[in-house]
Amino acid sequence: MKKNVLCFYLLLLPFFLCSSNHARAQQGTVKRPNVIFIFSDDHAYQSVSAYGSKLVQTPNIDRIAKSGAIFRNTFITNAICGPSRACLLTGKYSHVNGYMVNSGKFDIDQEVFPQLLQEGGYQTAWIGKMHLGDIPYGFDYLNILPGQGQYYNPDFVNRQRDTTRIQGYVTDIITGLSLNWLKNRDSSKPFFLVVGEKATHREWLPALEDLGIYDSVDFPLPETFYDDYKGRFAATNQDMTIDKTMRLKEDLKVHTDYVASGIYNRFTPEQKKIFYDYYENKISKSFDEQHLTGDALLQWKYQRYMKDYLATAHGLDRNIGKILDYVDQSGLAENTIVIYAADQGFYLGEHGWFDKRFMYEESLRTAFVMRYPGVIKPGTVFDQFVLGIDWAPTILDIAGIRPPSAIQGTSMLPLLKNNSKKIVPWRNQMYYHYYEFPQPHHVYPHFGIRTTRYKLIRFYGGADAWELYDLEQDPRELHNIYADKKNMKIVSSLKASLQKLIVQFKDDEALQVFGTPVKESNHF
Ligand code: SGN
Ligand code: CA
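Just so you know, these numbers come straight off a predicted model, no measurement behind them. (Residues numbered from 1 in each chain as written. Chains lettered and ligands numbered in written order. Predicted model: local features only at pLDDT ≥ 70, side-chain atom pairs only at ≥ 80, totals over all residues. Heavy atoms only, no water.)

Re the pairing of strand β9 (residues 336–342)
Thinking step 1. A large share of β9 lies buried, amounting to 7 of its 7 residues.
Thinking step 2. Neither face of β9 is open: one carries Thr336, Val338, Tyr340 and Ala342, the other Ile337, Ile339 and Ala341, and all of them are buried.
Thinking step 3. Strand direction decides the pairing type here: strand β1 (residues 34–40) and β9, joined by 7 bridges, are parallel. Across the sheet, Asn34 pairs through a bridge with Thr336, a residue of β9.
Thinking step 4. Where β9 and strand β10 (residues 368–371) come together, 4 bridges link them in antiparallel fashion. Residue Ile339 lies in a different strand from β10, and its bridge partner there is Met370. (Buried < 20%, exposed > 50% of the residue type's maximum accessible area, 1.4 Å probe, protein only. Helix = DSSP H or I, 4+ residues; strand = E, 2+ residues; numbered from the N terminus. Pairing = 2+ DSSP bridges.)

A short note on the packing of helix α6 (residues 170–184) against helix α9 (residues 294–329)
Thinking step 1. Between α6 and α9, the least distance of the axes is 9 Å, while the angle of their chain directions is 15 degrees. Viewed along their axes, α6 and α9 adopt a mutual orientation that is roughly parallel. In terms of crossing hand, the pair formed by α6 and α9 is right-handed. Facing α6, whose interface residues are Thr171, Asp172, Thr175, Leu179, Leu182 and Lys183, α9 presents Gly315, Leu316, Asn319, Lys322, Ile323 and Tyr326.
Thinking step 2. Residues of the contact of α6 with α9, tallied by class, amount to 5 nonpolar, 4 polar and 3 charged. (Axes fitted to C-alpha atoms, helices over the stretch in contact; angles between N-to-C directions. Parallel < 35°, antiparallel > 145°, perpendicular 65-115°, else oblique. Left-handed = near helix turned anticlockwise from the far one by under 90°. Contact = heavy atoms within 4.5 Å. Nonpolar A, V, L, I, M, F, W, Y, C, P; charged D, E, K, R; others polar.)

Focus: the site of ligand 1
Thinking step 1. Taken together, 15 residues form the shell around ligand 1, and within it Asn102, Arg202, Asp355, Arg357 and His441 come nearest.
Thinking step 2. In this structure, His441 approaches ligand 1 through a side-chain N or O atom, which is 2.7 Å from an oxygen atom.
Thinking step 3. Taken by itself ligand 1 offers 460 Å² of open surface, and the protein chains cover 81% of this.
Thinking step 4. Residue composition of the shell around ligand 1, grouped by class: 2 nonpolar, 5 polar and 8 charged. (Near = heavy atom within 4 Å. Polar contact = N/O pair within 3.5 Å; in protein donor to acceptor, adjacent residues only side chain to side chain. Areas by Shrake-Rupley, 256 points an atom, 1.4 Å probe, with all protein chains shown as cover.)

Structure below.
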């Protein structure tokens, strides 16, 4: 008899397992929150006032942090655009989701978490920059920029791959399309919307109304601006300095090629005039008059870079404000989570650089703020290490959908719910792996581990060397102390932890490199 009952339950088990996600998803149908995920491109946390920046104010990003939480230790596991988005969508490291370099193509046959949201009854949309080389499934509505997209009068591509050119400034248009979608969506379902921003990507083109807003400000040089890269081979050999790599014409718009320029050719006569008056009649003219050389030229470039970059970021922050206003005024606020995050960090002159990629702090770490009414207490600060691959399982968990076991990230929901500040078991180290080489910025492939105090990095593919930083003693990462005999113990303990992470995340390429000895003479 007993045996029969057991058999009966065993027969039913697959049914329970299959339906468990659905059942969990259904439980709180009424209450399941909406999620708006605003994902910017190359927006450095050093320029966000919520992160303590003194450069400019970002009142709207700060507004999310104040009404929710700021995550001060958010790290991206492969700090470039396409791969970061692939990590967001899959919750998996680049070597697992296969999208390791920007020139690659995302394998759309793999599962992305918005598909699971759809199955669980969510309506899903991605509007703006996506940059995956292909269009993944899982979105009911898509209106995306082709590739990197354009700042002025950009083209947008829909799910049917029809292209439409829309007049205006990209960040404003993305907001307009997003609000439109929100207003016309099926309001009987909860939703997940990605607002994919192009700002603040190179070549840092501000909204025409923001041209020159910071021209009277003299931005301070970062402490490491004149870094000599001593003891760091890969850093010595990169191609991303303001001095040598940054281009006067394309990046700083000094005597833009008004005939050949793709940007300029898209303009209406009115837009053309505003752009020309500013960059040609004002900036280029003043540049010519100064006859700058050497350090004066370098400092001028830095100032122009900062002014354009921060003016572009200003338009981004203003548009985040428009989305928040809509959420607040439409009655959505109470049940809508708003997230702002950047796809990775960016150098604002630190080490003399722009761009990203390196496992050093400015690019590894990214801005991430989140408001979750009723769950996260306003003004919460999280210092736990959270990763870009944690977003997928977190959002699934919030939606009541169990994250698939193949996801490598971890749901942050237990942290978010933990207003009583009990200790929630959490990682205190993270694993990073970057691949794209040599183009476009000649940053050698590398992987490594960051703990609360140390960072150990292994470069390979031509720059075979280890680097070790003590982030407590040397937060700017100027002193590679790997070869210092007195660090042998910490090196071997970090290597053991790194190897464990490599094995845990099944990174075969790293495992092979890890096992290949490096010539001692490479550590100078
Ligand atoms: C372009 C930029 C690079 C930038 C990559 C990747 N050059 O190639 O400076 O690193 O995009 O950026 S540009 O001359 O076209 O501006 S990412 O954000 O997509 O990863
Ligand atoms: Ca980016």
